[in-house]
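# Chain and residue survey
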Amino acid sequence: MFLCFYTLLPERLFAQIQPDYQKNPVYSESLVGTARGLFAVSPSAVIPLWTEGSVDKIIYANGWFFLTSKGILFSPDLKSFQLRNEGLPVNTIKEFDGNKKTFIREVRPLKDLEVLASDENVLVTLTKNEVFISKNAGFSWQTLGFSSRTSGGKAVAAAMLEEKTSEGTKKELTVFLSHALYGLSYIQPDRLSSKWTDITDGIEKIPTLPYTDEIADISVMQVTDTDGSLKEEVYFTQTFLPRLYRLDWENKAGALIAQGSEAADTWDGLGIAGKHLVFMSTEGINIFYPAAPSFLPKTAGTDKVVKILNDMRETPRCAWFPSRMTGFGGPFTLSELWLTRAGRIQSDYRDKIKNKKSLYVPAGQVVTPKGIDKFISVIEANKLNSLVIDMKDDYGLLRFRTQNPLVSEKAKESAYAIDIDNFVKTFKEKNVHLIARIVVFKDRNLYKQKNGAYAVWDAKNNAPWLGIRDFEKIPAENDKAEQIKTIFYDEYWVDPYSEEVWEYNTAIAKELIRRGFDEIQFDYIRFPTDGRNIRDTRYRWQDSGMDMESALISFLSYARKNIDAPIGIDIYGANGWYRSGTRTGQDVELMARYVDVICPMFYPSHFEQDFLAYTPIIERPYRIYFYGTYRNTVIARSQVLVRPWVQAFYLNVSFDRRFYDKNYVLRQIFGVRDAADSGYMYWNNSGRYGDLSPDIGSTRAPLPYPWEKAERDKVSHIPVLFDF
């Protein structure tokens, strides 16, 4: 871990910063939060203090407050602990043991926790789509709503800021929220009819994109103004761009005060350390002095802190350090400490899943030895080492003969099933890593069983639901009146809340692992999104308190407990790019806890055609995969390997018509390698792979970028993440 130097931008004279050391607790040891709980750490011991859940943030405010997987945790003395969750929303997670279902009701995942500097009884927190405030030290919480109908909350903060009124200037309680799409928003809850207002001016956007790029964290510092009075300054950073801002409250705009030199970096976990701002990046701890804008050198009060974090066996999530450990005259806290190990995924299967360069193989094309030989040749010619094949396809047909009675009771076998034992044996002899693709919630076979018992239901027509694509007028003729024909999507969805659907798909996965596959890949692990009648959908297996995200989490939790092998999931490209599971239920932050590989579909053909299409436009495939792979990895906090699907097919859209060729495909591979060097998978539904090039190798012995560098010139070290 080390510190870096950054560009400092012109700024007005900052107010003199006066830390309030009376708020500092008397505690001599360091505290570290991990996935397993809270620990007191000394040079000689690591002592567990609370181990009932993960700990993501530590705040001292007339006692200790912790942001945890169980909600808001409070301790007056680090000996006794109590949850303070009254008024916070609850999620229901369904568990199934094969016979009965039970339910775990827990506080909906919280994204952040902050305290009002001038009144430590005032706390704010947020979920993916709702902000909450407590004015009694967390004993009860009230909702402040949200700035958007789209989920995507990331950070929250509170400050007392000056407002001009007819009676003069007064300080007003102001709560801030950062959103994945809409930048910074604020509300003043003590005002009548107050509503959320967006602040987007002065905050950087990625070229061609309409939205302010995501704000990572917000922090408030008390300062002494030029007239000697106390005031509060608001600072914030960005998640995917290395930028630090001061909020220009008078003009409701961001004022950029520092920026990094990298095209992609994460400045997150922003906090206060005495007179300084402290935050994490992919290169370690950063200390910034805003009174005379500058970064402190590496050794300035962080050497002991770095040693403690590096000595932790598991990845730390947050920490608090006493005054004796720092050079700032007082303690300070750190969060988002996964960034201390951004180059190491946290999966137990990391050695098995890394560096896999894969090919999608249509199952119907490998039912004969000739077909198998064809794809062996493609794999060898392009220096690949893995393949993905459908074992339950888009219609729910099995592409192998099952030996499991539970599976055979529901399954229908394709006429083009493979000889699984010969298939596995042949490719294992070639040292090919085998990934079994299982289409989960799109399943025509299961949809039709038991009179539609497993189907997503049409509440309007009281029948299994099918998405309506369009309506077609049939002209009147032969004495028949004009008719309207309904055209449906060829997609048959089963209920993601159904534990019997979970059990069936998991049983298929377990058998495939037993019979020689190395990895499971769940596709269509989402809710239906297409259809003019989408609002007519009803989910009869949905239990009280469950939503889309909890349905998918419940399934993945069940699968994780039953599958002793790496689990991957396919997701929409947009859900890997933005911190939002809108419409699909695919919340990467939540799903990453239960899987080992996430496979975003960043196909350039599937984004808006002007998306990242700035000059030189031909570099667009590289940009999408470079920034997309980086963003998806950061959203998942390196809990998983991000292995994108690469577009190896032509689609009749404007960008492909101009640029699709072998270099189009190869640019995507360079983008993945430069961001994370995490592997990739080629997709061509027809199995035609004439547009591939031999693998470019890892970043340890990188093949030079062969074209005009443009975007590549902005990247000084590769990969940005994941140097295995």
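Values in this document were obtained by computation on a predicted structure and should not be read as measured data. (Residues numbered from 1 in each chain as written. Predicted model: local features only at pLDDT ≥ 70, side-chain atom pairs only at ≥ 80, totals over all residues. Heavy atoms only, no water.)

## Details of the sheet that holds strand E36 (residues 463–464)
- Strand order in this open sheet of 3 strands is E36-E35-E40, and the pairing throughout is antiparallel. With partners counted over all chains shown, the strands left at the sheet margins are E36 and strand E40 (537–538), one partner each.
- Note: strand E35 (residues 457–458) against E40, 2 bridges, orientation antiparallel. By the bridge assignment for E40, Trp457 is matched with Arg538. (Pairing = 2+ DSSP bridges. Helix = DSSP H or I, 4+ residues; strand = E, 2+ residues; numbered from the N terminus.)

## Side note on the packing of helix H7 (residues 499–514) against helix H8 (residues 548–562)
- Packing of H7 against H8 brings their axes to within 10 Å, and their N-to-C directions diverge by 35 degrees. The handedness of the crossing between H7 and H8 is right-handed. Contacts between H7 and H8 involve Trp502, Glu503, Thr506 and Lys510 on the former and, on the latter, Ala551, Ser554, Phe555, Tyr558, Ala559 and Asn562.
- Per-class residue counts for the contact of H7 with H8 are 5 nonpolar, 3 polar and 2 charged. (Axes fitted to C-alpha atoms, helices over the stretch in contact; angles between N-to-C directions. Left-handed = near helix turned anticlockwise from the far one by under 90°. Contact = heavy atoms within 4.5 Å. Nonpolar A, V, L, I, M, F, W, Y, C, P; charged D, E, K, R; others polar.)

## Remarks on the packing of aromatic side chains
- Scanning the entire structure with this criterion turns up 49 aromatic pairs.
- Residues Tyr27 and Trp64 carry aromatic rings whose centres are separated by 6.2 Å and whose planes lie at 75 degrees to one another, so their mutual orientation is edge-to-face. With Tyr27 in the loop between strand E2 (16–17) and strand E3 (30–34) and Trp64 in strand E7 (residues 64–68), the pair connects residues that are 37 residues apart, well separated along the chain.
- Looking at Tyr27, the relative accessible area reads 25%, which means it is partly exposed.
- Here Trp64 falls in the buried class, since its relative accessible area comes to 3%.
- One aromatic cluster is present, formed by Tyr27, Tyr60, Trp64, Phe66, Phe81 and Trp320 through successive ring pairs.
- Taking the ring centre of Tyr614 as reference, the NZ or CZ of Arg623 above it sits at 3.8 Å.
- Positioned above the aromatic ring of Trp707, the side-chain terminus of Arg667 is 4.2 Å from the ring centre. (Phe/Tyr/Trp six-rings, centres within 6.5 Å; stacked < 30°, edge-to-face > 60°. Buried < 20%, exposed > 50% of the residue type's maximum accessible area, 1.4 Å probe, protein only. Lys NZ or Arg CZ within 6 Å of the ring centre and 35° of its normal.)

## Some details on H7
- Taking 1.5 Å per residue, 16 residues should reach 22 Å; H7 reaches 22 Å between its end C-alpha atoms and fits that length.
- The buried count for H7 comes to 12 of 16 residues, which makes it a mostly enclosed element.
- Residues of H7 that are buried: Glu499, Val501, Trp502, Glu503, Tyr504, Asn505, Thr506, Ala507, Ile508, Ala509, Glu511 and Leu512.
- Positive backbone phi, approximately 120 degrees, marks Gly516, located one or two places after H7. (Expected span 1.5 Å × (residues − 1).)

## Points about the confidence of the model for the protein chain
- Summarising the model, the protein chain shows a mean pLDDT of 92, and 95% of its residues fall at 70 or more.
- Counting interchain partners and residues more than four positions distant, the pLDDT-below-50 stretch residues 1–22 has 76 contacts. (pLDDT = per-residue confidence, 0-100.)

## Some words on the nonpolar core
- Counting residues in each nonpolar core, the largest one holds 158 residues, and the members touching the most others are Phe423, Phe522 and Tyr682.
- A total of 8 residues in this core trace back to one element, the largest contributor, which is helix H11 (residues 620–635).
- Leaving out residues up to four positions away in the same chain, Tyr682 has contacts with Ser358, Leu359, Tyr360, Leu384, Trp645, Val646, Ala648, Val665, Ile669, Tyr689, Leu692 and Ser693.
- Judged by nonpolar contacts, the second largest core, of 17 residues, contains Ala155, Leu184, Phe236 and Tyr245. (Core = buried A, V, L, I, M, F, W, Y, C linked by side-chain atoms within 4.5 Å.)

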